[in-house]
Amino acid sequence: MSFGGSTNYLSGPYDLRGQREGDEVREVKIRSERVLFVVFGHLDLASWSQCLIAAQLTDSMNISGSGFSSGSVSEFILLGFPCSREIQLMLFMVFSIVYLLTLMGNGAIICAVCWDQHLHTPMYVLLGNFAFLEIWYVNSTVPNTLVNFLSETKSISFTGCFLQLYFFFSMGSTECFFLSAMAFDRYFAICHPLHYAIVMTGQRCFNLVVSCWVCGFLWYLVPVILISQLPFCGPNVIDHFVCDSGPLLTLSCAPAPMSKLTSYTLSSLVILLSFLFILISYALVLLAVLQLPSASSRQKAFSTCGSHLAVVLLFYGTIMVMHVSPGSSHSTLMPKIMTLFYAMVTPLFNPLIYSLRNKEMKSALWKVLEKLKISLNIFGSRSRSVE
């Protein structure tokens with residue numbers, strides 16, 4: 001009987017002369033097994049655990065040396081608005097209508113600013129760039145959302161997700177800079193009207209526009225790079241309709257306090273500082289407007305600044321709830337509604353706010369419609385003549 005059970009160490013035929021040698025070999029093996037049993041039998045629990053840990057470390061080193069690595073995420077699943085197929089189709093129709101109206105409204109403002117010579121002033125140049133920004137802001141999220149309404153997998157590639165994250169936050173940061181620039185323009189035009197034409201030249205207006213675009217696209221670049229370098233090896237389901245930084249940080253396999261701190265700090269800074277700057281600018285504008293002697297001048301100033309302030313409150317009211325108060329408890333539906341509001345509803349209402357409360361913009365839009373009617377009539381007459 002051996003230590004490991006009844007095992008014949010010598011097999012095969014052997015004669016009587018070799019039987020003694022075989023017995024001696026078996027006796028030596030039995031003695032060595034007894035020595036091993038005695039040695040390991042006197043080991044305590046701590047020694048055994050150390051042996052096991054050493055074995056596990058050896059196994060892990062062998063596994064890593066053989067080229068084994070944990071699987072990484074190649075795509076993410078955007079849940080969007082999980083509901084029945086009928087409601088998904090209905091949401092697809094609603095989102096499509098809002099998307100088209102947003103493109104048409106902001107496109108009309110761009111055409112009005114470009115075609116009307118009376119609107120080639122710093123205020124309307126900023127407004128035209130702002131409308132152009134709103135078009136690309138909705139394009140960063142809505143087309144993919146529309147595709148997901150009709151898709152069964154609702155997947156987005158790893159690269160596509162982080163590109164959407166970058167452009168979505170870059171457009172949002174650029175909007176903060178443009179709203180601040182528009183508030184500064186109104187403050188300088190109303191509070192310092194004699195120096196406005198001298199200071200706010202075409203070249204300086206161009207520099208201001210370029211600065212807003214460049215600063216907006218550089219502001220959130222570092223957090224996107226940091227988050228993209230995190231390991232994603234676990235679940236890849238994002239309970240949102242866009243790739244947002246919060247869900248991505250949650251899905252990371254490793255804790256990322258530096259990435260989270262950088263993302264939160266930069267988001268809070270651009271939102272709070274720009275909002276504070278806008279409030280101070282309009283407070284000074286309000287004081288200056290109240291001192292104007294003419295009632296018509298006060299009404300015109302209130303009309304222009306009122307439309308700007310309405311857009312500011314509409315945008316910042318929702319974005320602060322999402323990105324400045326991360327510690328507050330939100331349900332899974334609330335972040336989607338807040339994001340939907342400032343990513344789709346605000347770009348839809350901006351053209352209405354600016355056009356309905358601005359006589360110059362309304363007259364310019366009517367001219368655009370007249371030019372479109374003339375172009376359609378000419379095109380229709382040419383097509384009939386060809387037929």
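In this text the structure is predicted, and so the values were computed from the model without any measurement.

Cut-off values and rules
- Residues numbered from 1 in each chain as written.
- Predicted model: local features only at pLDDT ≥ 70, side-chain atom pairs only at ≥ 80, totals over all residues.
- Heavy atoms only, no water.
- Disulfide = S-S within 2.5 Å.
- Helix = DSSP H or I, 4+ residues; strand = E, 2+ residues; numbered from the N terminus.
- Buried < 20%, exposed > 50% of the residue type's maximum accessible area, 1.4 Å probe, protein only.
- Patch = residues over 30% accessible without salt bridge, like charges linked within 9 Å, V, L, I, M, F, W, Y side chains within 5 Å.
- Areas by Shrake-Rupley, 256 points an atom, 1.4 Å probe, with all protein chains shown as cover.
- Salt bridge = Lys/Arg side-chain N within 4 Å of Asp/Glu carboxyl O.
- pLDDT = per-residue confidence, 0-100.
- Contact = heavy atoms within 4.5 Å.
- Axes fitted to C-alpha atoms, helices over the stretch in contact; angles between N-to-C directions.
- Parallel < 35°, antiparallel > 145°, perpendicular 65-115°, else oblique.
- Left-handed = near helix turned anticlockwise from the far one by under 90°.
- Nonpolar A, V, L, I, M, F, W, Y, C, P; charged D, E, K, R; others polar.

**Focus: the state of the cysteines**
Tallied over the entire structure, the rule returns two disulfides. Disulfide pairing is shown between Cys161 and Cys243; the S-S distance is 2.1 Å. The disulfide joining Cys161 to Cys243 has a torsion of about -125 degrees about its S-S bond and is therefore left-handed. With Cys161 in helix H6 (residues 158–191) and Cys243 in the loop between strand S3 (237–238) and helix H10 (245–251), this pair connects stretches of sequence that are 82 residues apart. Side by side, Cys161 and Cys243 carry an identical accessibility label, which is buried.

**Re a nonpolar patch on the surface**
Together, Phe206, Val210, Val214, Leu218, Leu221 and Ile225 make up an exposed nonpolar region whose accessible area comes to about 510 Å². Those elements that provide at least two residues to the nonpolar patch are helix H8 (202–219) and helix H9 (221–228). Considering every element that reaches the nonpolar patch, the biggest residue donor is H8, with four residues. Position of Val214 relative to the elements: it lies in helix H8. With relative accessibility at 43%, the residue Val214 sits in the partly exposed group.

**With respect to unusual backbone geometry**
Backbone geometry places Lys154, a non-glycine residue, at a positive phi of 55 degrees. Secondary-structure assignment places Lys154 in the loop between helix H5 (142–150) and strand S2 (155–157).

**As for the confidence of the model for the protein chain**
Summary statistics for the protein chain give a mean pLDDT of 77 and a share of 76% for residues scoring 70 or more. Residue range residues 1–22 is modelled with pLDDT below 50. Its contacts to residues more than four positions away, or to other chains, number 12 contacts. Here residues 27–71 is modelled with pLDDT under 50, and outside its nearest four sequence neighbours on either side it reaches 11 contacts, counting other chains as well.

**A few points about the packing of helix H4 (residues 122–139) against H6**
Running from N to C, H4 and H6 point in directions that differ by 165 degrees, and their axes come no closer than 10 Å. Taken together, the axes of H4 and H6 are roughly antiparallel relative to one another. Note on packing geometry: the crossing formed by H4 with H6 is left-handed. When H4 is examined against H6, the residues Pro122, Met123, Leu126, Leu127, Asn129, Phe130, Leu133, Glu134, Trp136 and Tyr137 are found in contact with a partner set consisting of Phe168, Met171, Gly172, Thr174, Glu175, Phe178, Leu179, Ala181, Met182, Asp185 and Arg186. Considered class by class, the residues forming the contact of H4 with H6 number 14 nonpolar, three polar and four charged.

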